Amino acid sequence: MWCLRRSWLVVLLALVTSSGAHAQPVQDSTNKSSSEAARTVWTTSNFRGRPEPPPPYRAERFYPQMGFKHTTLIAHERTSDRFFVGEREGKIYVLPTDRAATSAPVFLDCQQAVAQLNRTLAKDDQVALDSLYSLEFDPDFAHNRYCYVCYVVRNRDRALGQRPDGTRVVRYRVNATEPPTCDLASEQLVIAWLEGGHNGGCLKFGPDGCLYISSGDGGFAFPPDGRKSGQDMTTLLSKVLRIDVRRSEQGRNYAIPADNPFVSLDGARGETWSYGMRNPWKMSFDRQTGELWVGDVGWELWELVYNVRRGDNFGWSIVEGSQPVHIEGKRGPTPIVPATMEIPHTEGASITGGFVYRGKQHPELVGSYVFGDWETRRIWGAKVTDGKLGERVELIDPTVRIVDFAEDRAGELYLLDYEDGAIYTLVRNPVTKEENPFPRTLSATGLFNSAAKHEPAPGVLPFVINAGQWSDHAVAERLIGVPSREPIRIRPRPTPVPGSQFSRATDFPTHTVLAKTLSLEMTAGDPTTRRRIETQILHYDGREWLGYSYEWNDAQTDATLVDRGGKNRTFEVRDPHEPGGKRTQTWRFSARAECIRCHNPWSEHTLAFNLAQLNRSHNVGGVESNQLSDL
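This is a predicted model, so every value here is computed, not measured.

Observations concerning the pairing of strand β26 (residues 413-417)
Okay, step 1: Extensive coverage of β26 is indicated by the burial of five of its five residues.
Okay, step 2: Neither face of β26 is left uncovered, since the one carrying Leu-413, Leu-415 and Asp-417 and the one carrying Tyr-414 and Leu-416 both have all their residues buried.
Okay, step 3: Bridging between strand β25 (residues 402-407) and β26 involves five bridges; their strand directions are antiparallel. When the sheet's bridge partners are listed, Asp-404 is paired in β26 with Leu-416.
Okay, step 4: The turn joining β25 and β26, which pair antiparallel and follow one another in sequence, is formed by five residues; a positive phi near 90 degrees is taken by Gly-411.
Okay, step 5: Examined bridge by bridge, β26 and strand β27 (residues 423-428) share three bridges and lie antiparallel to one another. Note on β27: the bridge partner recorded for Leu-415 is Tyr-424.

Remarks on the confidence of the model for the protein chain
Okay, step 1: The predicted model of the protein chain averages 91 in pLDDT, with 94% of residues at 70 or higher.
Okay, step 2: Note that pLDDT drops below 50 for residues 1-36; the model gives that stretch 40 contacts with residues more than four away or on any other chain.

A closer look at the sheet that holds strand β16 (residues 302-308)
Okay, step 1: Here we have four strands laid out as an open sheet, ordered β14-β15-β16-β19, and antiparallel in their pairing. Looking at the sheet topology across the chains shown, the edges are occupied by β14 (280-285) and β19 (341-344). Within the sheet, the average angular offset between the axes of one strand and its neighbour, ignoring direction, is 15 degrees.

Some details on the packing of aromatic side chains
Okay, step 1: Counted according to the given criterion, the structure contains 27 aromatic pairs.
Okay, step 2: Residues Phe-62 and Tyr-63 carry aromatic rings whose centres are separated by 5.3 Å and whose planes lie at 85 degrees to one another, so their mutual orientation is edge-to-face. Across the pair, Tyr-63 and Phe-62 agree in class, each one buried.
Okay, step 3: When the ring of Phe-371 is compared with that of Trp-380, the centres are 5.4 Å apart and the planes differ by 45 degrees; the resulting orientation is tilted.
Okay, step 4: Through successive ring pairs, a cluster of aromatic residues spans Phe-463, Phe-508, Tyr-540, Trp-545 and Phe-609.
Okay, step 5: Over the face of the ring belonging to Trp-281 we find Lys-282, whose NZ or CZ atom lies 4.5 Å from the ring centre.
Okay, step 6: Positioned above the aromatic ring of Trp-552, the side-chain terminus of Arg-532 is 5.3 Å from the ring centre.

How each quantity is defined
Residues numbered from 1 in each chain as written. Predicted model: local features only at pLDDT ≥ 70, side-chain atom pairs only at ≥ 80, totals over all residues. Heavy atoms only, no water. Buried < 20%, exposed > 50% of the residue type's maximum accessible area, 1.4 Å probe, protein only. Helix = DSSP H or I, 4+ residues; strand = E, 2+ residues; numbered from the N terminus. Pairing = 2+ DSSP bridges. pLDDT = per-residue confidence, 0-100. Contact = heavy atoms within 4.5 Å. Axes fitted to C-alpha atoms, helices over the stretch in contact; angles between N-to-C directions. Phe/Tyr/Trp six-rings, centres within 6.5 Å; stacked < 30°, edge-to-face > 60°. Lys NZ or Arg CZ within 6 Å of the ring centre and 35° of its normal.

Encoded structure:
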């Protein structure tokens, strides 16, 4: 419905702008329309950088001349100290020891593995490769030369639906060649489960020598847990599995350890180590404590981190973290335990589990769980204390679309970027003096000719909207500033953002600023008693929208940037409708993180600046006109 309305408004806008004074814009000598040429460009903006110090680290390319496509995995083989990188389309590369190299040889091509598999299947049962997920080397690799790969196949005939054995964990023997390659003919199926939707698919050997495997719920975003897998003990879905690949039993290429928590539960899959997860994407063991850490991609409100212990039930889909989902559903055999950390969807939208840092290059980071978010590109560190996580701290600027982490023999961390296919390391971020310090007062922003008079600078335009939100009795004045001749471009329908799960219908020029000033009547019902309380700012830095708040002084001459943590302030308002003729009002100046609870990718950030809100009449100099047409 929203898409239809948006398209209808685009048509309406076309009709409005093709009639009346704007019917046929005259082209000037610069090949720009007269309306565009007439627009005053906002040239006084001082919005650059950020008010906080730079993050402690930055991402540096480990192989400066090398990148891959649609990466999904990075693995390290300890006996050779070599790294391996895998692409979603199936190829795994072994990286040269020369970091100046520009290419890497192929270690395994899963497309060939699928072709080999199809030779054993009937024509109507043929499969196609869907994705490559994980690579893990056997702890005894120096002697047995085994590695384990998780890849996903789907039915070629999509009408056949999801393939019950499409998520495959297989074992290969690695040839002792230089560079090493997988012996394709040695493939052995270890374990398989339903493909499609959420697969999990991460492989890690634990300190006990067992292979731990993550699996998703096998479903899609809607309806949540459509297969009701989360609490179902009869399936391999929605779990961390633990198997012993050093021996075989009952016709399988693995054994179920006798101390797994549910081996004696009637009807339960004995491979289960823990359950109740939606889509556990990447996990790792702390090399010092042996603790298992898992990142679980959330559904509606939360991204989740678990410190996984034997028999844990993390609640999906009875709950998603602390949010109730299917509270009426049948629960598993063990109590639901809370997530170790919940990251709200305003800060993350697709978590990638990482490692507890145990390296030597960054002593201050030792003992911190380092993980990230694929969608928002944030990389965080949180200190681990007694199995719990402390405050989440951003370690680098959001530049890496993190899809996987790895650690080398020394415990140093490596980050894999899905978008440019590059491998990054963490290096210290040098502190340099800012050439353009972030404006600490509203008068220093360049938005106003006169902040005291709330008089916009040339090129900063006021606008009004059809439906404003309730703002604790306050009224709002809105402005937009675009510091270039580049226009705001509105698409006929939302278009997927490359490499992202979100769509976008509006493209803003870099350093566009939206401002909203909120004023309260100090005597209710008397507009002459209004005083400005707060000016809220949204600044588009070319990658993301950042929110700031400025608090007006009592003299109403200027406003000062509020600290990143926000603040509360109390006002006394005369109001004859309240007991005693007054009300005490607590005003919340939002923290930076609170701003993005609303202004985030789920809502296309800007909220009020869209066609539905702007399509209205307004009065300019006594003349009624359509605001969209004028803009």
